[in-house]
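# Reading the structure
Spelled out from the first residue to the last, the chains are:
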Amino acid sequence: MLYTHTIGRIGKDCKVITGVHGTFMAVDVAVDDYSKGQNITTWVRVRSSRENHIRLADYLTKGRLILVEGTISTSLWTDRQGESHVQVSINADSIAFVNAGRKEEQSVNPKQASKKGAKAKKNTPEPPKDAPEAKADDLPF
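All figures in this text were calculated on a predicted structure; none of them were measured in a lab. (Residues numbered from 1 in each chain as written. Predicted model: local features only at pLDDT ≥ 70, side-chain atom pairs only at ≥ 80, totals over all residues. Heavy atoms only, no water.)

## Let's talk about the overall build of the protein chain
Stated formally: The secondary structure listing takes helices from DSSP runs of H or I that are at least 4 residues long and strands from runs of E that are at least 2 residues long, numbered from the N terminus. Only protein chains enter the calculation, and the probe is 1.4 Å; a residue is then buried if its accessible area is under 20% of its type maximum, exposed if over 50%, and partly exposed in between. When checking whether two residues touch, look at their non-hydrogen atoms; a contact exists if any pair is within 4.5 Å. Using the Shrake-Rupley algorithm and a 1.4 Å probe, accessible areas are obtained, with residue cover drawn only from the displayed protein chains.
Within the protein chain one finds two helices and six strands. For the protein chain, the sequential pattern of α-helices and β-strands runs β-β-β-β-α-β-β-α. Classification of the 141 residues of the protein chain by burial places 30% in the buried group. Of the contacts made within the protein chain by residues no fewer than 6 positions apart, 61% connect residues no fewer than 24 positions apart. For the protein chain, the computed accessible surface area is about 9,800 Å², with 48% contributed by carbon and sulfur atoms.

Rendered as structure tokens:
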């Protein structure tokens, strides 16, 4: 079993899915790493069937920075074109918000900019377009 602590930004609002095996939440998180002079983004699916995480789903919105602790796993899937892909997933034991300050876009006139400084537009990564949507009957638990 591999246990991980991961910090990343949410790519799409969290979904709560009810299926044959119960109710769970799922959210895709972009985890950035700097390696060999390049930024590398890895998409990780975070899942949990814990009641407190399901209640937290309304607050797990696009752009939020979160810390996730849990067991990591991978699965292999094939897209419609027949290409194989690997999905990295974390079965969450703990989810916490990281208060790194939220960057917001705002209009500032030049006089205010010199006093307060303009805030930059946030760069929120987009989830991969070829990733499959989570459906209740597709998931193994």
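## Describing unusual backbone geometry
Peptide bonds are, in most cases, trans, and in most cases residues other than glycine have a negative phi. Despite not being glycine, lysine 36 shows a phi value in the positive range, around 50°. By the element assignment, lysine 36 lies in the loop between β3 (22-35) and β4 (38-48). According to the relative accessible area criterion, lysine 36 is exposed, its value standing at 83%.

## As for the nonpolar core
Defined as follows: Definition of nonpolar core: a set of buried residues of the types Ala, Val, Leu, Ile, Met, Phe, Trp, Tyr and Cys, connected through side-chain atoms within 4.5 Å.
The biggest cluster of nonpolar side chains holds 18 residues, and the ones touching the most others in it are Met25, Val27, Val29, Val46, Leu60, Ile66 and Ile95. Elements that contribute at least two residues to this core include exactly β3, β4, α1 (51-56), β5 (65-78) and β6 (84-97). Not counting the four nearest positions on each side in its chain, isoleucine 95 is found in contact with Met25, Val46, His53, Leu56, Leu60, Ile66 and Leu67.

## Let's talk about the pattern of salt bridges
Quick reminder of the rule: In what follows, salt bridge is the name for a side-chain nitrogen of Lys or Arg lying within 4 Å of a carboxyl oxygen of Asp or Glu.
For the structure on display, the rule yields three salt bridges. A salt bridge links arginine 45 to aspartate 28, with the nearest nitrogen and oxygen atoms 2.7 Å apart. Here aspartate 28 lies in strand β3 and arginine 45 lies in strand β4, a separation of 17 residues in the sequence. Of the two residues, arginine 45 and aspartate 28, both sit in the buried class. With a shortest N-O distance of 3.9 Å, glutamate 51 and arginine 55 are connected by a salt bridge.

## Looking at the pairing of strand β1 (residues 2-10)
Operational definition: Note: two strands are recorded as paired if DSSP finds a minimum of 2 bridges between them.
Note: β1 against β5, eight bridges, orientation antiparallel. Bridged to histidine 5 within β5 is glutamate 69.

## Some words on the packing of aromatic side chains
To keep things clear, this is the line we draw: Pairs were defined over the aromatic rings of Phe, Tyr and Trp, the Trp ring being its six-membered one, requiring ring centres within 6.5 Å. Orientation was assigned from the angle between planes: stacked under 30 degrees, edge-to-face over 60, tilted for the rest. Only when the NZ of Lys or the CZ of Arg is both within 6 Å of the ring centre and within 35 degrees of the ring normal is a charge said to sit over the ring.
Tallied over the entire structure, the rule returns zero aromatic pairs. A cation over an aromatic ring shows up here: arginine 64 above the ring of phenylalanine 97, its NZ or CZ 4.3 Å from the ring centre.

## Remarks on the side chain of glutamine 87
Considering the arrangement of structural elements, one finds glutamine 87 in strand β6. The residues contacting glutamine 87, other than those within four sequence positions of it, are Val44, Arg45, Ser73, Thr74, Ser75 and Trp77.

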